[in-house]
Amino acid sequence: VCTGTDMKLLRPSSPESHYETLRHLYQGCQVVQGNLELTYLPADADTAFLKDIKEVQGYVLIAENNVSGLELQSLRIIRGTQLFQDRYALAVMGNPGSAGAPGLRQLGMRHLTEILKGGVRIERNPELCFQETILWRDIFHRHNEEGSGGFQPPWHPLFTFSPRAGPDCRALCAEGRCWGEGKQDCQT
(Lines give C-alpha, C1' and ligand atoms only; values in the text may rest on other atoms or scores of the structure.)
Protein backbone atom coordinates (compact mmCIF):
# COMPACT_ATOMS: atom_id res chain seq x y z
CA VAL A 1 0.00 0.00 0.00
CA CYS A 2 1.30 3.43 -0.92
CA THR A 3 0.08 7.01 -0.85
CA GLY A 4 -1.14 8.68 -4.03
CA THR A 5 -0.77 12.30 -5.06
CA ASP A 6 -3.12 15.24 -5.55
CA MET A 7 -1.18 17.59 -7.84
CA LYS A 8 -3.51 17.34 -10.86
CA LEU A 9 -1.78 19.15 -13.77
CA LEU A 10 0.50 21.32 -11.65
CA ARG A 11 3.93 21.48 -13.31
CA PRO A 12 6.70 20.19 -11.01
CA SER A 13 9.47 22.60 -10.11
CA SER A 14 12.12 20.01 -10.95
CA PRO A 15 11.37 17.34 -13.60
CA GLU A 16 14.25 15.15 -12.35
CA SER A 17 13.11 15.12 -8.74
CA HIS A 18 9.49 14.64 -9.89
CA TYR A 19 10.40 11.39 -11.65
CA GLU A 20 12.42 10.20 -8.66
CA THR A 21 9.53 11.02 -6.33
CA LEU A 22 7.10 9.00 -8.45
CA ARG A 23 9.54 6.10 -8.64
CA HIS A 24 10.06 6.17 -4.88
CA LEU A 25 6.29 6.34 -4.20
CA TYR A 26 5.24 3.48 -6.47
CA GLN A 27 8.15 1.04 -6.60
CA GLY A 28 6.72 -2.30 -5.41
CA CYS A 29 3.31 -0.77 -4.65
CA GLN A 30 0.18 -2.82 -5.34
CA VAL A 31 -2.56 -0.56 -3.94
CA VAL A 32 -2.50 3.22 -4.33
CA GLN A 33 -4.48 4.93 -1.57
CA GLY A 34 -5.44 8.08 -3.38
CA ASN A 35 -4.71 9.08 -6.97
CA LEU A 36 -2.16 7.78 -9.44
CA GLU A 37 -1.00 10.90 -11.28
CA LEU A 38 1.59 10.23 -13.96
CA THR A 39 2.49 13.61 -15.40
CA TYR A 40 5.42 15.32 -17.13
CA LEU A 41 7.50 12.16 -17.60
CA PRO A 42 10.37 12.50 -20.09
CA ALA A 43 10.65 10.29 -23.18
CA ASP A 44 13.42 8.19 -21.66
CA ALA A 45 11.69 7.55 -18.31
CA ASP A 46 11.74 3.91 -17.23
CA THR A 47 8.24 3.23 -15.91
CA ALA A 48 8.89 -0.33 -14.71
CA PHE A 49 8.30 0.97 -11.16
CA LEU A 50 4.54 0.94 -11.99
CA LYS A 51 4.35 -2.75 -12.93
CA ASP A 52 3.03 -4.01 -9.57
CA ILE A 53 0.10 -1.59 -9.20
CA LYS A 54 -3.19 -3.54 -9.16
CA GLU A 55 -5.61 -1.07 -7.62
CA VAL A 56 -6.06 2.69 -7.46
CA GLN A 57 -8.57 3.99 -4.94
CA GLY A 58 -8.89 7.47 -6.45
CA TYR A 59 -8.36 8.36 -10.12
CA VAL A 60 -5.66 7.67 -12.70
CA LEU A 61 -4.30 10.73 -14.54
CA ILE A 62 -1.86 10.26 -17.42
CA ALA A 63 -1.06 13.71 -18.78
CA GLU A 64 1.61 15.84 -20.43
CA ASN A 65 4.06 12.94 -20.79
CA ASN A 66 6.60 12.19 -23.49
CA VAL A 67 6.84 8.45 -22.80
CA SER A 68 5.56 6.01 -25.44
CA GLY A 69 4.11 3.55 -22.93
CA LEU A 70 3.49 2.97 -19.23
CA GLU A 71 3.93 -0.26 -17.28
CA LEU A 72 0.34 -0.48 -16.00
CA GLN A 73 -0.36 -4.01 -17.20
CA SER A 74 -1.24 -5.21 -13.66
CA LEU A 75 -3.85 -2.51 -12.97
CA ARG A 76 -7.19 -4.26 -12.36
CA ILE A 77 -9.48 -1.77 -10.66
CA ILE A 78 -9.96 2.00 -10.39
CA ARG A 79 -12.32 2.74 -7.51
CA GLY A 80 -12.90 6.43 -8.19
CA THR A 81 -13.25 7.52 -4.57
CA GLN A 82 -11.82 10.82 -5.87
CA LEU A 83 -12.43 11.93 -9.45
CA PHE A 84 -10.32 14.13 -11.72
CA GLN A 85 -12.30 17.31 -12.48
CA ASP A 86 -15.05 15.79 -10.27
CA ARG A 87 -15.98 13.45 -13.11
CA TYR A 88 -13.23 11.14 -14.37
CA ALA A 89 -11.74 7.96 -12.93
CA LEU A 90 -9.34 7.69 -15.88
CA ALA A 91 -8.02 10.74 -17.74
CA VAL A 92 -5.41 10.41 -20.50
CA MET A 93 -4.70 13.86 -21.89
CA GLY A 94 -2.03 15.68 -23.84
CA ASN A 95 0.64 13.01 -24.29
CA PRO A 96 1.90 13.96 -27.76
CA GLY A 97 5.62 13.40 -27.32
CA SER A 98 8.18 16.09 -28.03
CA ALA A 99 10.50 16.65 -30.96
CA GLY A 100 11.87 13.23 -31.84
CA ALA A 101 9.85 11.44 -29.13
CA PRO A 102 6.94 9.25 -30.24
CA GLY A 103 4.39 10.17 -27.57
CA LEU A 104 2.03 7.77 -25.81
CA ARG A 105 1.22 4.90 -28.19
CA GLN A 106 -0.78 2.45 -26.07
CA LEU A 107 -2.38 2.27 -22.63
CA GLY A 108 -1.47 -1.38 -22.08
CA MET A 109 -3.93 -1.79 -19.16
CA ARG A 110 -4.73 -5.34 -20.22
CA HIS A 111 -5.98 -6.41 -16.79
CA LEU A 112 -8.24 -3.40 -16.15
CA THR A 113 -11.65 -4.95 -15.59
CA GLU A 114 -13.47 -2.46 -13.38
CA ILE A 115 -14.04 1.26 -12.91
CA LEU A 116 -16.38 1.56 -9.94
CA LYS A 117 -17.14 5.28 -10.14
CA GLY A 118 -16.34 7.97 -12.70
CA GLY A 119 -15.99 8.32 -16.44
CA VAL A 120 -13.11 8.17 -18.91
CA ARG A 121 -11.57 11.12 -20.73
CA ILE A 122 -9.05 10.44 -23.50
CA GLU A 123 -7.94 13.36 -25.67
CA ARG A 124 -4.94 15.05 -27.35
CA ASN A 125 -2.88 11.87 -27.70
CA PRO A 126 -2.05 11.89 -31.43
CA GLU A 127 -0.01 8.65 -31.34
CA LEU A 128 -2.35 6.67 -29.07
CA CYS A 129 -3.94 3.56 -30.58
CA PHE A 130 -6.41 0.92 -29.48
CA GLN A 131 -8.54 2.94 -27.02
CA GLU A 132 -11.41 2.92 -29.51
CA THR A 133 -11.37 -0.90 -29.61
CA ILE A 134 -11.96 -1.34 -25.86
CA LEU A 135 -15.47 -2.30 -24.79
CA TRP A 136 -15.64 0.27 -22.02
CA ARG A 137 -19.13 -0.70 -20.83
CA ASP A 138 -17.67 -4.03 -19.71
CA ILE A 139 -15.23 -2.13 -17.50
CA PHE A 140 -17.69 0.31 -15.92
CA HIS A 141 -19.32 -1.14 -12.81
CA ARG A 142 -23.06 -1.60 -13.26
CA HIS A 143 -23.77 1.04 -10.57
CA ASN A 144 -21.31 3.55 -12.05
CA GLU A 145 -23.53 6.48 -13.07
CA GLU A 146 -20.77 8.32 -14.96
CA GLY A 147 -19.89 5.35 -17.10
CA SER A 148 -23.20 3.53 -17.25
CA GLY A 149 -23.93 4.53 -20.82
CA GLY A 150 -20.81 2.95 -22.27
CA PHE A 151 -20.23 5.05 -25.39
CA GLN A 152 -23.02 7.44 -24.43
CA PRO A 153 -22.47 10.78 -22.69
CA PRO A 154 -20.96 11.94 -20.42
CA TRP A 155 -17.66 10.61 -21.65
CA HIS A 156 -18.17 10.05 -25.37
CA PRO A 157 -17.77 13.73 -26.32
CA LEU A 158 -14.46 13.75 -24.46
CA PHE A 159 -13.06 10.71 -26.21
CA THR A 160 -11.04 11.52 -29.30
CA PHE A 161 -9.68 8.99 -31.75
CA SER A 162 -6.06 8.95 -32.79
CA PRO A 163 -5.19 9.92 -36.34
CA ARG A 164 -2.53 7.20 -36.19
CA ALA A 165 -3.63 3.82 -37.47
CA GLY A 166 -2.36 1.12 -35.16
CA PRO A 167 -2.24 -2.60 -35.87
CA ASP A 168 -5.61 -4.23 -36.44
CA CYS A 169 -6.85 -5.83 -33.21
CA ARG A 170 -9.04 -8.20 -35.18
CA ALA A 171 -5.89 -9.91 -36.43
CA LEU A 172 -4.61 -10.31 -32.86
CA CYS A 173 -7.70 -10.91 -30.75
CA ALA A 174 -10.83 -12.97 -31.33
CA GLU A 175 -13.13 -10.14 -30.24
CA GLY A 176 -11.09 -7.43 -32.00
CA ARG A 177 -10.50 -5.54 -28.75
CA CYS A 178 -7.02 -4.83 -27.44
CA TRP A 179 -4.95 -2.56 -25.21
CA GLY A 180 -1.74 -2.94 -27.21
CA GLU A 181 0.13 -4.59 -30.07
CA GLY A 182 0.57 -8.11 -28.71
CA LYS A 183 -1.70 -11.13 -28.26
CA GLN A 184 -1.21 -10.72 -24.49
CA ASP A 185 -2.93 -7.30 -24.78
CA CYS A 186 -6.37 -8.60 -25.81
CA GLN A 187 -9.27 -7.35 -23.72
CA THR A 188 -10.69 -10.32 -21.81
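As shown above, the structure is provided for reference.
Every chain is numbered on its own, with residues counted from 1 as its sequence reads. Given that the model is predicted, a residue must reach a pLDDT of at least 70 before its local features are reported, and side-chain atom pairs must reach 80 or more before they are shown or counted; all residues, however, enter totals for whole chains, interfaces and linings. Here the side-chain values reflect all heavy atoms present in the structure, with hydrogen atoms and water set aside.

As for the environment of isoleucine 53
Formally: Put simply, DSSP marks the helices as runs of H or I at least four residues long and the strands as runs of E at least two long, and each gets a number from the N terminus on. Categorising residues by exposure relies on relative accessible area from a 1.4 Å probe, with only protein chains included: less than 20% of the type maximum marks a residue as buried, more than 50% marks it as exposed, and the intermediate range marks it as partly exposed. Throughout, a residue-residue contact means that at least one pair of heavy atoms, one from each residue, lies within 4.5 Å.
Residue placement: isoleucine 53 occurs in the loop between β3 (36-39) and β4 (55-56). Residue isoleucine 53 is classed as buried on the basis of its relative accessible area of 0%. For isoleucine 53 and glycine 28, which are 25 residues apart along the polypeptide, the C-alpha to C-alpha distance reads 7.7 Å. In this view, isoleucine 53 contacts Tyr26, Cys29, Gln30, Val32, Leu36, Ser74 and Leu75; residues no more than four positions away in its chain are not counted.

Observations regarding the sheet that holds strand β8 (residues 114-115)
Keep this limit in mind: The criterion for strand pairing is that DSSP finds at least two bridges linking the strands in question.
With respect to topology, 5 strands assemble into an open sheet ordered β1-β2-β4-β6-β8, the strand pairing being parallel. This sheet does not close on itself; its edge strands, each paired only once, are β1 (2-3) and β8. Bridge count between strand β6 (residues 77-78) and β8: 2 bridges; the pairing is parallel. The residue bridging isoleucine 77 from the neighbouring strand is glutamate 114, located in β8.

A short note on helix α1 (residues 15-26)
Inclusion rule: A helix is expected to span 1.5 Å for every residue after the first. An arc is given here, and it is the one of the directions from the helix axis to the C-beta atoms.
Compared with an ideal rise of 1.5 Å per residue, which puts 12 residues at 16 Å, α1 spans 17 Å between its outermost C-alpha atoms and is within 8% of the ideal. Every buried residue of α1 is accounted for by His18, Tyr19, Leu22 and Tyr26. In an axial view of α1, the angular spread of the buried residues amounts to 95 degrees, which keeps them on one side of the axis. Counted as exposed and oriented over 90 degrees from the buried face of α1: Glu16 and His24. Those residues of α1 hidden inside the fold are in contact with β1, β2 (31-33) and β3.

Re the sheet that holds strand β5 (residues 60-63)
The test is simple: Each axis is a line fitted through C-alpha atoms, and for a helix only the stretch in contact is used; angles between axes span 0 to 180 degrees, taken between their N-to-C directions.
Overall, parallel pairing links the 4 strands, which are arranged β3-β5-β7-β9 in an open sheet. The open sheet is flanked by β3 and β9 (119-123), the only strands paired with a single partner. Strand-to-strand twist of the sheet, defined as the mean angle between neighbouring strand axes without regard to direction, takes the value 5 degrees. Where β5 meets strand β7 (residues 88-93), 4 bridges bridge the pair, whose relative direction is parallel. Paired with alanine 63 across the two strands is methionine 93, which belongs to β7.

What about the pattern of salt bridges?
Under the convention used in this document: Salt bridges, as used here, are contacts in which a Lys or Arg side-chain nitrogen is within 4 Å of a carboxyl oxygen on Asp or Glu.
The final tally for this structure, using the stated rule, is 8 salt bridges. Of the charged contacts, one joins aspartate 185 and arginine 110 as a salt bridge, the two residues approaching to 2.7 Å between their closest N and O atoms. Separated by 75 residues along the polypeptide, aspartate 185 in the segment after α2 (169-172) and arginine 110 in the loop between β7 and β8 bring together distant segments of the chain. A salt bridge links glutamate 123 to arginine 121; the nearest nitrogen and oxygen atoms lie 2.7 Å apart. This pair shows no difference in class: glutamate 123 is buried, exactly as arginine 121 is.

Section: the side chain of asparagine 35
Tracing the backbone through its elements, the reader meets asparagine 35 in the loop between β2 and β3. Among the residues examined, asparagine 35 registers a relative accessible area of 0% and is labelled buried. Leaving out residues up to four positions away in the same chain, asparagine 35 has contacts with Gly4, Thr5, Asp6, Tyr26, Val56, Gly58, Tyr59 and Gln82.

A look at the state of the cysteines
As a reminder, the rule being used: Any two cysteine sulfur atoms within 2.5 Å of one another count as a disulfide.
Tallying each qualifying case throughout the model produces 3 disulfides. Residue pairing for cysteine 169: its cysteine sulfur links by disulfide to cysteine 178, the two sulfurs lying 1.6 Å apart. A torsion of -55 degrees about the S-S bond marks the disulfide between cysteine 169 and cysteine 178 as left-handed. This pair shows no difference in class: cysteine 169 is buried, exactly as cysteine 178 is. In this model cysteine 173 forms its disulfide with cysteine 186; the gap between the sulfur atoms is 2.0 Å. Its S-S torsion of approximately -90 degrees makes the covalent link between cysteine 173 and cysteine 186 left-handed. You can see cysteine 173 sitting in the segment after α2 and its partner cysteine 186 sitting in the segment after α2, a full 13 residues away along the chain. As far as burial versus exposure is concerned, cysteine 173 and cysteine 186 are alike and both buried. The cystine pairing of the protein, numbering bonded cysteines in sequence order, is 1-2, 3-5, 4-6. Note on cysteine 129: no disulfide assigned, nearest cysteine sulfur contributed by cysteine 169 at a separation of 9.0 Å.

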